[in-house]
Amino acid sequence: MNSEDSALYRDITDFAHDTPNWVQHGAGIWTEAGLLVFAGLFATAWWRARRGSPRAFAIAALAPLATAVAYMCSEVLKSAVAEERPCRAVAGAAACPPHGDWSFPSNHATIAGAAAVSLALVRRALLWLTAPLALLMAFSRVFVGVHYPHDVIAGLALGTLVALVAVRLGRDPMTRLAGAMRTSPAPAVRWVPGPGPAPVPSCETHARR
(Lines give C-alpha, C1' and ligand atoms only; values in the text may rest on other atoms or scores of the structure.)
Protein backbone atom coordinates (compact mmCIF):
# COMPACT_ATOMS: atom_id res chain seq x y z
CA MET A 1 0.00 0.00 0.00
CA ASN A 2 1.34 3.45 -0.91
CA SER A 3 0.29 6.99 -0.13
CA GLU A 4 -1.50 7.39 -3.48
CA ASP A 5 -3.62 4.32 -2.84
CA SER A 6 -4.43 5.49 0.67
CA ALA A 7 -5.36 8.92 -0.67
CA LEU A 8 -7.63 7.38 -3.30
CA TYR A 9 -9.24 5.25 -0.60
CA ARG A 10 -9.95 8.37 1.45
CA ASP A 11 -11.31 10.21 -1.59
CA ILE A 12 -13.75 7.39 -2.30
CA THR A 13 -14.85 6.96 1.31
CA ASP A 14 -15.22 10.74 1.76
CA PHE A 15 -17.37 10.79 -1.35
CA ALA A 16 -19.39 7.88 0.08
CA HIS A 17 -20.01 9.78 3.30
CA ASP A 18 -21.36 12.73 1.30
CA THR A 19 -23.87 10.62 -0.62
CA PRO A 20 -27.50 10.24 0.55
CA ASN A 21 -28.19 7.60 3.17
CA TRP A 22 -30.09 5.45 0.70
CA VAL A 23 -27.02 5.28 -1.54
CA GLN A 24 -24.80 4.24 1.37
CA HIS A 25 -27.38 1.71 2.51
CA GLY A 26 -27.78 0.34 -1.02
CA ALA A 27 -24.01 -0.04 -1.42
CA GLY A 28 -23.86 -1.93 1.86
CA ILE A 29 -26.59 -4.28 0.70
CA TRP A 30 -25.11 -4.77 -2.78
CA THR A 31 -21.66 -5.65 -1.49
CA GLU A 32 -23.19 -8.86 -0.09
CA ALA A 33 -26.31 -9.31 -2.24
CA GLY A 34 -24.18 -9.28 -5.38
CA LEU A 35 -22.93 -12.72 -4.40
CA LEU A 36 -26.53 -13.97 -4.49
CA VAL A 37 -27.00 -12.44 -7.94
CA PHE A 38 -24.01 -14.39 -9.26
CA ALA A 39 -25.34 -17.54 -7.58
CA GLY A 40 -28.63 -17.04 -9.41
CA LEU A 41 -26.78 -16.60 -12.70
CA PHE A 42 -24.85 -19.82 -12.06
CA ALA A 43 -28.11 -21.69 -11.46
CA THR A 44 -29.68 -20.22 -14.60
CA ALA A 45 -26.64 -21.11 -16.71
CA TRP A 46 -26.69 -24.68 -15.38
CA TRP A 47 -30.40 -25.08 -16.07
CA ARG A 48 -30.11 -23.78 -19.63
CA ALA A 49 -27.03 -25.93 -20.27
CA ARG A 50 -29.02 -29.07 -19.46
CA ARG A 51 -30.44 -28.70 -22.98
CA GLY A 52 -27.02 -28.06 -24.50
CA SER A 53 -24.11 -30.18 -25.62
CA PRO A 54 -21.93 -32.01 -23.07
CA ARG A 55 -19.25 -29.36 -23.64
CA ALA A 56 -21.70 -26.51 -22.96
CA PHE A 57 -22.90 -28.23 -19.81
CA ALA A 58 -19.32 -28.85 -18.71
CA ILE A 59 -18.43 -25.15 -18.86
CA ALA A 60 -21.64 -24.19 -17.04
CA ALA A 61 -20.90 -26.73 -14.32
CA LEU A 62 -17.31 -25.55 -14.02
CA ALA A 63 -18.27 -21.88 -13.59
CA PRO A 64 -19.18 -22.08 -9.86
CA LEU A 65 -16.36 -24.56 -9.23
CA ALA A 66 -13.81 -22.21 -10.80
CA THR A 67 -15.18 -19.38 -8.67
CA ALA A 68 -14.82 -21.50 -5.54
CA VAL A 69 -11.20 -22.29 -6.46
CA ALA A 70 -10.53 -18.58 -6.98
CA TYR A 71 -11.96 -17.83 -3.54
CA MET A 72 -9.70 -20.46 -1.93
CA CYS A 73 -6.69 -18.97 -3.72
CA SER A 74 -7.58 -15.52 -2.42
CA GLU A 75 -7.86 -16.87 1.11
CA VAL A 76 -4.40 -18.45 0.89
CA LEU A 77 -2.91 -15.25 -0.50
CA LYS A 78 -4.72 -13.13 2.07
CA SER A 79 -3.28 -15.17 4.94
CA ALA A 80 0.20 -15.01 3.43
CA VAL A 81 0.19 -11.23 2.90
CA ALA A 82 -1.70 -10.36 6.12
CA GLU A 83 -2.36 -6.75 5.12
CA GLU A 84 -4.32 -4.72 7.65
CA ARG A 85 -7.72 -3.42 6.60
CA PRO A 86 -7.79 0.27 5.63
CA CYS A 87 -10.66 0.83 8.02
CA ARG A 88 -8.20 -0.01 10.80
CA ALA A 89 -4.99 1.41 9.34
CA VAL A 90 -6.35 4.77 8.12
CA ALA A 91 -7.32 7.19 10.87
CA GLY A 92 -10.99 8.10 10.99
CA ALA A 93 -12.06 5.42 8.52
CA ALA A 94 -15.14 3.22 8.62
CA ALA A 95 -16.03 0.38 10.99
CA CYS A 96 -14.02 -2.77 10.33
CA PRO A 97 -14.30 -6.55 10.15
CA PRO A 98 -12.62 -8.41 13.04
CA HIS A 99 -8.84 -8.28 13.38
CA GLY A 100 -7.27 -11.13 11.42
CA ASP A 101 -9.73 -10.76 8.55
CA TRP A 102 -7.05 -9.37 6.25
CA SER A 103 -7.43 -6.98 3.37
CA PHE A 104 -5.37 -8.15 0.38
CA PRO A 105 -6.81 -9.34 -1.92
CA SER A 106 -10.54 -8.73 -1.67
CA ASN A 107 -12.43 -12.02 -1.52
CA HIS A 108 -15.57 -10.36 -2.85
CA ALA A 109 -13.72 -8.90 -5.82
CA THR A 110 -12.02 -12.24 -6.49
CA ILE A 111 -15.35 -14.04 -6.50
CA ALA A 112 -16.90 -11.35 -8.68
CA GLY A 113 -14.05 -11.48 -11.19
CA ALA A 114 -14.09 -15.26 -11.39
CA ALA A 115 -17.87 -15.41 -11.66
CA ALA A 116 -18.00 -12.73 -14.36
CA VAL A 117 -15.39 -14.44 -16.53
CA SER A 118 -16.58 -18.02 -16.04
CA LEU A 119 -20.18 -17.05 -16.87
CA ALA A 120 -18.92 -15.25 -19.98
CA LEU A 121 -17.23 -18.50 -21.00
CA VAL A 122 -20.63 -20.19 -20.76
CA ARG A 123 -22.15 -17.54 -23.02
CA ARG A 124 -20.04 -14.69 -24.35
CA ALA A 125 -22.91 -12.19 -24.41
CA LEU A 126 -23.21 -12.50 -20.63
CA LEU A 127 -20.02 -10.46 -20.26
CA TRP A 128 -22.07 -7.33 -20.92
CA LEU A 129 -23.99 -8.12 -17.73
CA THR A 130 -21.42 -9.82 -15.53
CA ALA A 131 -18.51 -7.40 -16.08
CA PRO A 132 -20.44 -4.32 -14.84
CA LEU A 133 -21.78 -6.34 -11.90
CA ALA A 134 -18.25 -7.43 -10.95
CA LEU A 135 -16.85 -3.91 -11.25
CA LEU A 136 -19.72 -2.54 -9.17
CA MET A 137 -19.16 -5.14 -6.48
CA ALA A 138 -15.43 -4.41 -6.41
CA PHE A 139 -16.03 -0.67 -6.17
CA SER A 140 -18.60 -1.15 -3.43
CA ARG A 141 -15.95 -2.80 -1.21
CA VAL A 142 -13.93 0.42 -1.30
CA PHE A 143 -17.07 2.56 -1.11
CA VAL A 144 -18.11 0.96 2.20
CA GLY A 145 -14.54 1.38 3.48
CA VAL A 146 -13.36 -2.19 3.99
CA HIS A 147 -10.76 -2.43 1.19
CA TYR A 148 -8.10 -0.38 -0.52
CA PRO A 149 -8.45 0.12 -4.30
CA HIS A 150 -5.47 -2.17 -4.92
CA ASP A 151 -7.19 -4.94 -2.93
CA VAL A 152 -10.14 -5.05 -5.29
CA ILE A 153 -8.03 -4.63 -8.44
CA ALA A 154 -5.89 -7.58 -7.36
CA GLY A 155 -9.01 -9.56 -6.51
CA LEU A 156 -10.55 -9.00 -9.93
CA ALA A 157 -7.29 -9.97 -11.64
CA LEU A 158 -6.85 -13.08 -9.49
CA GLY A 159 -10.42 -14.20 -10.05
CA THR A 160 -10.13 -13.69 -13.79
CA LEU A 161 -6.87 -15.64 -14.03
CA VAL A 162 -8.00 -18.56 -11.88
CA ALA A 163 -11.34 -18.85 -13.71
CA LEU A 164 -9.65 -18.96 -17.12
CA VAL A 165 -7.14 -21.60 -16.01
CA ALA A 166 -9.65 -23.71 -14.07
CA VAL A 167 -12.19 -23.84 -16.90
CA ARG A 168 -9.46 -24.58 -19.44
CA LEU A 169 -8.06 -27.45 -17.39
CA GLY A 170 -11.39 -28.89 -16.34
CA ARG A 171 -13.34 -28.52 -19.58
CA ASP A 172 -12.40 -31.79 -21.29
CA PRO A 173 -12.69 -34.05 -18.19
CA MET A 174 -16.02 -32.44 -17.30
CA THR A 175 -17.27 -32.88 -20.86
CA ARG A 176 -16.53 -36.61 -20.67
CA LEU A 177 -18.19 -36.81 -17.27
CA ALA A 178 -21.29 -35.01 -18.55
CA GLY A 179 -21.56 -37.43 -21.45
CA ALA A 180 -21.23 -40.40 -19.11
CA MET A 181 -23.84 -39.00 -16.71
CA ARG A 182 -26.34 -38.51 -19.54
CA THR A 183 -26.11 -42.22 -20.39
CA SER A 184 -26.24 -43.41 -16.79
CA PRO A 185 -28.95 -45.97 -15.88
CA ALA A 186 -29.75 -43.93 -12.74
CA PRO A 187 -32.49 -41.30 -13.39
CA ALA A 188 -31.19 -39.00 -10.64
CA VAL A 189 -27.73 -38.97 -12.22
CA ARG A 190 -29.17 -38.27 -15.69
CA TRP A 191 -31.29 -35.42 -14.30
CA VAL A 192 -28.26 -33.37 -13.19
CA PRO A 193 -26.74 -32.85 -16.67
CA GLY A 194 -30.16 -32.97 -18.33
CA PRO A 195 -31.23 -34.61 -21.56
CA GLY A 196 -28.99 -32.59 -23.83
CA PRO A 197 -30.08 -31.02 -27.13
CA ALA A 198 -33.27 -32.27 -28.72
CA PRO A 199 -32.67 -34.77 -31.52
CA VAL A 200 -32.84 -33.33 -35.02
CA PRO A 201 -35.39 -35.13 -37.23
CA SER A 202 -33.66 -37.01 -40.02
CA CYS A 203 -34.40 -36.56 -43.71
CA GLU A 204 -35.73 -40.13 -43.78
CA THR A 205 -38.32 -39.26 -41.11
CA HIS A 206 -39.52 -36.28 -43.14
CA ALA A 207 -39.71 -38.42 -46.25
CA ARG A 208 -41.97 -40.97 -44.53
CA ARG A 209 -44.34 -38.20 -43.59
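Everything here concerns the structure above.
Fair warning: this is a prediction, and the values are worked out from it, not measured in the lab.

Q: Quick one: what's the story with the nonpolar core, residue by residue and with numbers?
A: The biggest cluster of nonpolar side chains holds 23 residues, and the ones touching the most others in it are Phe38, Leu119 and Ala134. When residues of this core are traced back to their parent elements, those giving at least two are helix 1 (3-18), helix 2 (21-49), helix 5 (107-122), helix 6 (127-143) and helix 7 (149-182). Residues contacting phenylalanine 38, with those up to four places away along its chain left out, are Ala112, Ala115, Ala116, Leu119, Thr130, Leu133, Ala134 and Met137. The next biggest cluster of nonpolar side chains, apart from the first, holds 11 residues, and it includes Ala58, Ala61, Leu62 and Val167.

Q: So what's going on with the packing of helix 6 against helix 7? Residues and values would help.
A: At a minimum axis separation of 8 Å, helix 6 and helix 7 run at an interaxial angle of 150 degrees. In terms of axis orientation, helix 6 runs roughly antiparallel to helix 7. Where helix 6 crosses over helix 7, the two elements pack in a sense that is right-handed. Side by side, helix 6 and helix 7 meet where Ala134, Leu135, Ala138, Arg141 and Val142 of the first sit next to Pro149, Val152 and Leu156 of the second. The residue makeup of the contact of helix 6 with helix 7, split by class, is 7 nonpolar, no polar and 1 charged.

Quick notes on the rules
- Residues numbered from 1 in each chain as written.
- Predicted model: local features only at pLDDT ≥ 70, side-chain atom pairs only at ≥ 80, totals over all residues.
- Heavy atoms only, no water.
- Core = buried A, V, L, I, M, F, W, Y, C linked by side-chain atoms within 4.5 Å.
- Buried < 20%, exposed > 50% of the residue type's maximum accessible area, 1.4 Å probe, protein only.
- Helix = DSSP H or I, 4+ residues; strand = E, 2+ residues; numbered from the N terminus.
- Contact = heavy atoms within 4.5 Å.
- Axes fitted to C-alpha atoms, helices over the stretch in contact; angles between N-to-C directions.
- Parallel < 35°, antiparallel > 145°, perpendicular 65-115°, else oblique.
- Left-handed = near helix turned anticlockwise from the far one by under 90°.
- Nonpolar A, V, L, I, M, F, W, Y, C, P; charged D, E, K, R; others polar.

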